[in-house]
Amino acid sequence: MANMDSDSRHLLIPEVDSEINPGPMNIQFDSSDLRSKRPFYIEPTNIVNVNNVIQRVSDHASAMNKRIHYYSRLTTPADKALIAPDHVVPAPGECYVYSPLGSAYKLQSYTEGHGKNTSLVTIFMIWNTMMGTSILSIPWGIKQAGFTTGLCVIMLMGILTLYCGYRVVKSRAMIHFIHHINETDAVLSTNDSNPVICPSAGSGGHPDNGSMIFYANDTGLQQFEKWWNKSKTVPLYLVGLLLPLLNFKSPSFFSRFNILGTVSVLYLIFLVTLKAIRLGFHLEFHWFMQTEYFVPEIRFQFPQLTGVLTLAFFIHNCIITLLKNNKNQENNVRDLSLAYMLVTLTYLYIGVLVFASFPSPPLTKDCIEQNFLDNFPSSDILSFIARIFLLFQMMTVYPLLGYLARVQLLGHIFGDIYPSIFHVLILNLIIVGAGVIMACFYPNIGGIIRYSGAACGLAFVFIYPSLIYIISLHQEDRLTWPKLIFHIFIIILGLANLIVQFFM
């Protein structure tokens, strides 16, 4: 057997140096029980650590990898009788997580209870991470479901996604090994100072411009509308703004502006509160009958809201990373529950105030747009400021998402996340072009959110947590019929949530 000291040497030999990229790519894990960890296997190419260092597997690492595979093939993975000895398993500082596309991210050694964040900070981190553009479509979703049905659906979806998130958190303690991976406008208002518009009343479709509140015979405004059209010209302007940002080598600059997400949400809360105070509440309750100005309390389009909420409550792919930074690990479940409660209350607050204060009459509740900011004219200064906040928020998030795509695709294909400006530019043109095409031909934020939310949620919210729990219980001979039926029912709900989106 090889000497323990020699086996503890570094497994990876760096070839190039690069600037340090702190923050979002760091992944942490629990190193309290190394004997229960089985590292991924990866071909010796395209290994990228969090510092953007392209590395090659050394001969020593290759030999150790063969030893690990030898131990893992002596028996089934579930059998702990033959687990690789400690000196064969890499040290905590030399463990990596590998994606199916070939990129590897170095793990930071972590001991339970030594996180830096208090429970309060952890709760608001989860809240801030979950808050996104979905919040703009919550009032529209309530309108589609009916006021009473919408409130019930928001609370039930919050509970269901919380339970699935709870299963993700608990999966850390249940999975003791890692499997091998091979691979126009009609304008009406309640008063002169607080106009609210119905953009789709005149066109019967999505709003092209909020500026149509003005008279159409104004030549100057007609020229403005010609050059500033949300589905025809503005997406092209954004190409010139966003494309250069995607070409940055490191995204660390943009990660410093995550606070803009919190500021945007807080400002939206302030905006809808102020508008509700000025406009007042306009509600009538009709359970099944739609009137001229009000929608029924129960509508069969409620699955559109469930699709939006699946994305609105989606955090399951990063919840373990967020909670591992919690100083008090025993409070993880409590803090996750409080964060979900805070998110649910935020959605309820925004949705209820916008829906209830929407002036009916003279406008019908069906005029509530998929992006509720479209119900305010372009002359409304407060809503204009909200759009500016959201623009700056997207300008910081978009380059981060583009960087992740670059790491996965270019790193796997060329072995370098920045092979040349030409390669990066081609990839970014494809990314931006897809967004522009969507903005021009399907500018429906509610539709995009509900389709993408239902599709991603099927895998990450409903299937993976439930399957992991079922498999874990089966391996431990603790699986019972009630638990099996309940979690299969959750998977069926997720599948039905996706399928029904295409019939709404």
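Just so we're clear, the structure is a prediction, and the values are computed from it rather than from any experiment.

A. The arrangement of empty space enclosed by the protein in detail. Roughly 100 Å³ of volume is contained in the largest cavity. Every residue along the wall of the largest cavity is listed here: Val 196, Val 272, Lys 275, Leu 279, Val 354, Ser 357, Phe 358, Pro 359, Phe 372, Asn 375 and Phe 376. The element best represented in the lining of the largest cavity is helix α10 (residues 259–279), accounting for three residues. Its boundaries defined by the atoms lining it, the second largest cavity holds a volume of some 50 Å³. Looking at the second largest cavity, the residues that line it are Met 131, Gly 132, Thr 133, Ile 135, Leu 136, Ser 264, Val 265, Leu 268, Leu 390 and Gln 393. Elements that contribute at least two residues to the lining of the second largest cavity include exactly α10 and α14 (381–414). Here the lining of the second largest cavity gets three residues from one element, more than from any other, and that element is α10.

B. Just the packing of aromatic side chains, in detail. Applying the stated criterion across every chain, the model contains 12 aromatic pairs. Here the aromatic rings of Phe 147 and Phe 285 are separated by 6.3 Å at their centres, their planes lie at 55 degrees, and the arrangement is tilted. Residue classification places Phe 147 among the buried positions, given a relative accessible area of 8%. On the basis of an interplanar angle of 45 degrees and a centroid distance of 5.3 Å, the ring pair of Tyr 267 and Phe 389 is categorised as tilted. Here Tyr 267 is found in helix α10, whereas its partner Phe 389 is found in helix α14, with 122 residues between them in sequence. Since its relative accessible area comes to 25%, Phe 389 is described here as partly exposed. In this structure, Arg 167 is placed above the aromatic ring of Tyr 469, and the distance from its NZ or CZ to the ring centre is 3.7 Å. In this arrangement the basic side chain of Lys 365 is found over the ring face of Phe 355, its NZ or CZ atom lying 4.9 Å from the centre.

C. Main features of helix α8 (residues 234–246). With 13 residues, α8 extends 18 Å between its outermost C-alpha atoms, agreeing within 8% with the 18 Å of an ideal straight helix rising 1.5 Å per residue. Approximately 30 degrees is the largest bend angle found in α8, and it occurs at Gly 240, with the proline Pro 244 only one to four residues beyond. Buried within α8 are the following residues: Val 234, Pro 235, Leu 242, Leu 243, Leu 245 and Leu 246.

D. How the structure looks around a nonpolar patch on the surface. A surface patch of nonpolar side chains, amounting to about 640 Å² of accessible area, comprises Leu 238, Leu 241, Ile 381, Phe 384, Ile 385, Ile 388, Leu 391 and Phe 392. Sorting the residues of the nonpolar patch by element identifies α8 and α14 as the ones contributing at least two each. Counting residues per element, the nonpolar patch draws most heavily on α14, which supplies six residues. By the secondary structure assignment, Phe 384 is in helix α14. Since its relative accessible area comes to 46%, Phe 384 is described here as partly exposed.

E. The side chain of Ser 137, seen in detail. Along the chain, Ser 137 falls in the loop between α3 (119–130) and α4 (138–145). Once residues within four sequence positions are removed from consideration, Ser 137 is found in contact with Val 308, Gln 370, Ile 445, Gly 446 and Ile 449.

F. Main features of the nonpolar core. If you look at the biggest cluster of nonpolar residues, it comprises 58 residues, and the most contacted ones within it are Ile 126, Leu 309, Tyr 347, Phe 372 and Leu 373. Every residue in contact with Leu 309, bar those within four places of it in the chain, is listed here: Ile 138, Val 153, Ile 154 and Met 157.

G. Spatial organisation of the packing of helix α16 (residues 445–475) against helix α17 (residues 481–501). Taken N-terminus to C-terminus, the directions of α16 and α17 make an angle of 165 degrees; their axes are 9 Å apart at the nearest point. If you check the angle between α16 and α17, you find them roughly antiparallel. As for how α16 packs across α17, the hand of that crossing is left-handed. Only Lys 483, Leu 484, His 487, Ile 488, Ile 490, Ile 491, Gly 494, Leu 495, Asn 497, Leu 498 and Gln 501 of α17 make contact with α16, whose side of the interface consists of Arg 450, Tyr 451, Ala 454, Ala 455, Leu 458, Phe 462, Ile 463, Ser 466, Leu 467, Tyr 469, Ile 470 and Leu 473. Split by residue class, the contact of α16 with α17 holds 16 nonpolar, five polar and two charged.

H. Spatial organisation of the confidence of the model for the chain. Mean pLDDT over the chain: 76, with 67% of residues reaching 70 or higher. In the predicted structure, residues 97–114 sits below a pLDDT of 50 and forms 70 contacts with residues beyond four places in sequence or in another chain. Predicted confidence is poor over residues 176–192, with pLDDT under 50, and the contacts of this stretch with residues over four places away or in other chains come to 45 contacts.

Rules behind the numbers
- Residues numbered from 1 in each chain as written.
- Predicted model: local features only at pLDDT ≥ 70, side-chain atom pairs only at ≥ 80, totals over all residues.
- Heavy atoms only, no water.
- 1 Å grid on protein atoms, 1.4 Å probe; cavity = no way out; pocket = protein on both sides within 12 Å on 5 of 7 lines; lining within 4 Å.
- Points joined across faces, edges and corners; volume = space filled by probe spheres on them.
- Helix = DSSP H or I, 4+ residues; strand = E, 2+ residues; numbered from the N terminus.
- Phe/Tyr/Trp six-rings, centres within 6.5 Å; stacked < 30°, edge-to-face > 60°.
- Buried < 20%, exposed > 50% of the residue type's maximum accessible area, 1.4 Å probe, protein only.
- Lys NZ or Arg CZ within 6 Å of the ring centre and 35° of its normal.
- Expected span 1.5 Å × (residues − 1).
- Bend = angle between axes of the 7 residues up to and from the residue.
- Patch = residues over 30% accessible without salt bridge, like charges linked within 9 Å, V, L, I, M, F, W, Y side chains within 5 Å.
- Areas by Shrake-Rupley, 256 points an atom, 1.4 Å probe, with all protein chains shown as cover.
- Salt bridge = Lys/Arg side-chain N within 4 Å of Asp/Glu carboxyl O.
- Contact = heavy atoms within 4.5 Å.
- Core = buried A, V, L, I, M, F, W, Y, C linked by side-chain atoms within 4.5 Å.
- Axes fitted to C-alpha atoms, helices over the stretch in contact; angles between N-to-C directions.
- Parallel < 35°, antiparallel > 145°, perpendicular 65-115°, else oblique.
- Left-handed = near helix turned anticlockwise from the far one by under 90°.
- Nonpolar A, V, L, I, M, F, W, Y, C, P; charged D, E, K, R; others polar.
- pLDDT = per-residue confidence, 0-100.

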